[in-house]
Amino acid sequence: MTLLRPFVEEDNSDLLEIERSCPQGNEKIAEAMDKSPNAVARYDMYDNWKVFVAVEDNQTAGWVGWTLKEDPAGKKYGYLTEVIVHPRFQRHGIATELVKKVESDLRENGASYVYCYIFEENTASNAVFSEAGYQKMGITQLQASSVYKKADIAPEFQVRTAEKSEIPQIVELINSYNKDRAHFVPFTLESFMYHLEKIPDYDQDNLWVALSDGKIVACTGLWDLSVIAKVYYAREPASMRILGSVMNFIDHFTRMPKIPAENELFEIYYLTDYAFTPNEDEAMLNLLKRLNNFVLEENRYYLTSLITPDDPLVPVFKKCKPLVENWNIYAKSLDDGTVDLEPLYLDIRDFVM
Ligand SMILES: CC(C)(COP(=O)(O)OP(=O)(O)OC[C@H]1O[C@@H](n2cnc3c(N)ncnc32)[C@H](O)[C@@H]1OP(=O)(O)O)[C@@H](O)C(=O)NCCC(=O)NCCS
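Residues numbered from 1 in each chain as written. Predicted model: local features only at pLDDT ≥ 70, side-chain atom pairs only at ≥ 80, totals over all residues. Heavy atoms only, no water.

Novice: Please clarify how the sheet that holds strand 12 (residues 230-235) should be interpreted in this entry.
Specialist: Strand pairing in a sheet relies on backbone hydrogen bonds. The paired strands run either parallel or antiparallel. Pairing is antiparallel across the open sheet formed by three strands, whose spatial order is 2-3-12. Every other strand in the sheet has two partners, leaving strand 2 (24-25) and strand 12 as the edge strands with one partner each. Pairing of strand 2 with strand 3 (residues 30-34), which is carried by two bridges, proceeds in the antiparallel orientation. Each residue of the ladder has a partner; that of G25, found in strand 3, is A30. (Pairing = 2+ DSSP bridges. Helix = DSSP H or I, 4+ residues; strand = E, 2+ residues; numbered from the N terminus.)

So, in structure tokens, the structure goes:
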């Protein structure tokens, strides 16, 4: 008999341990995040969130987390952040029960649908959500540009961190870039400052701009995800392991991209709050090059963006030769209505997988 109950602080060590034994993927490739010391730190970024723990035979068997959001028209919807079940208790229907708990709670709180992101290679989780009646709505891509050598910035662009007085222009640019995207709530100056404050270690000093003829034409934030979670490959395909050792060897002679070894924790920066004026691709590219140099100075391996394939950033980021991994977007209506998530705005807080 499985008991579902709200998370309490004393569950933290069990959650961290379960997560360690539950990488997301398949027998060839699986990824994981180390969220120690606080398994639920990510939730403080949201205003409304819940975590429920499943207990079976007096042991913590798994958990699920979710958050309630609202779009600009006042329509409520939910994001299912994660569902994890200890290997010892898998295939007992616990994830399915936890997912149902999320759906009933969201329904009671007026949400009309729920969505989530699942790594394309995550066989078990893709199966759970398909079985539970979720529809695949498209994909989002995690694109990681390997940072290993300095890039030259074109002299026609002024690229630097933003000044406080420039924040209103940045907000305007972000609002116009995302205006027709589902889930995007246009920022006011106040709500943008609140957004910066809610994301740990992310503030106006992490905002960068590119100016052309003295005008801001591109902007982005750079958020250090490692303050909440460090990433690692729990299983790597043989081809990746071999390539990694070859590159490490050549790196003794000339700088080469790094491929982290299996179980090696690495720290990544996410691009967030990026936007650029139409036809200012070159300005955005030069901004990315400047960030490449910053990330290089910080000794990190990757500059990472989360983008949907229709995003104007895709052709620009492609010039940084990223490694691309697909995440499926799933959604389920909770009121028999239709769910339309295209084009979709990606909320960076959702990507602490
Ligand atoms: C994904 C996960 C949560 C599933 O938990 P679970 O409690 O074993 O899932 P359920 O028992 O509710 O499975 C429901 C159905 O999904 C399908 N399914 C579940 N695991 C599967 C697997 N490994 N392969 C194929 N189908 C699977 C089956 O149809 C299953 O029904 P069945 O057992 O009657 O055949 C668990 O495997 C896990 O924690 N994985 C690692 C962490 C992760 O990837 N979490 C999701 C990311 S948010």
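We are not done yet, so read on.
Novice: In this structure, what is going on with the layout of surface pockets? I would like to understand it.
Specialist: It is a probe the size of a water molecule, rolled over the atoms, that shows where empty space is left. Estimated volume of the largest pocket: approximately 1000 Å³. Around the largest pocket, the lining comprises 46 residues; the ones closest to its centre are A144, S145, S146, Y302 and L323. Mapped by element, the contributors of at least two residues to the lining of the largest pocket are strand 3, strand 8 (135-146), strand 12, helix 6 (238-250), helix 7 (281-297), strand 14 (302-307) and strand 15 (323-333). No other element matches the five residues that strand 15 contributes to the lining of the largest pocket. Shared between two domains, the lining of the largest pocket holds at least three residues of each, these being domain 1 (3-138 + 328-351) and domain 2 (144-230 + 256-326). If you go around the second largest pocket, you meet 36 residues; those closest to its centre are V83, N122, A124, S125 and V128. For the lining of the second largest pocket, the secondary-structure elements that each account for two or more residues are strand 2, strand 6 (76-85), helix 2 (94-108), strand 7 (111-119) and helix 3 (123-131). Residue composition of the lining of the second largest pocket, by class: 20 nonpolar, 11 polar and five charged. (1 Å grid on protein atoms, 1.4 Å probe; cavity = no way out; pocket = protein on both sides within 12 Å on 5 of 7 lines; lining within 4 Å. Points joined across faces, edges and corners; volume = space filled by probe spheres on them. Domains from an automatic or database assignment. Nonpolar A, V, L, I, M, F, W, Y, C, P; charged D, E, K, R; others polar.)

Novice: Looking at this structure, how should I read the site of the ligand?
Specialist: The environment of the ligand is made up of 20 residues, and the closest members are V83, R91, G93, T96 and N122. Taking V83, its main chain carries an N or O atom lying 2.8 Å from a nitrogen atom of the ligand. In isolation the ligand has 910 Å² of accessible area, and contact with the protein removes 77% of it. Taken atom by atom, the bulk of the ligand overlaps the second largest pocket. Mapped onto the shell around the ligand, the elements with two or more residues apiece are strand 6, helix 2 and helix 3. Here the element with the most residues in the shell around the ligand is helix 3; it accounts for five residues. Residues that form the shell around the ligand fall into these classes: 10 nonpolar, seven polar and three charged. (Near = heavy atom within 4 Å. Polar contact = N/O pair within 3.5 Å; in protein donor to acceptor, adjacent residues only side chain to side chain. Areas by Shrake-Rupley, 256 points an atom, 1.4 Å probe, with all protein chains shown as cover. Sits in = over half its atoms within 2 Å of the grid points.)

Just distances and angles here, no functional claims.
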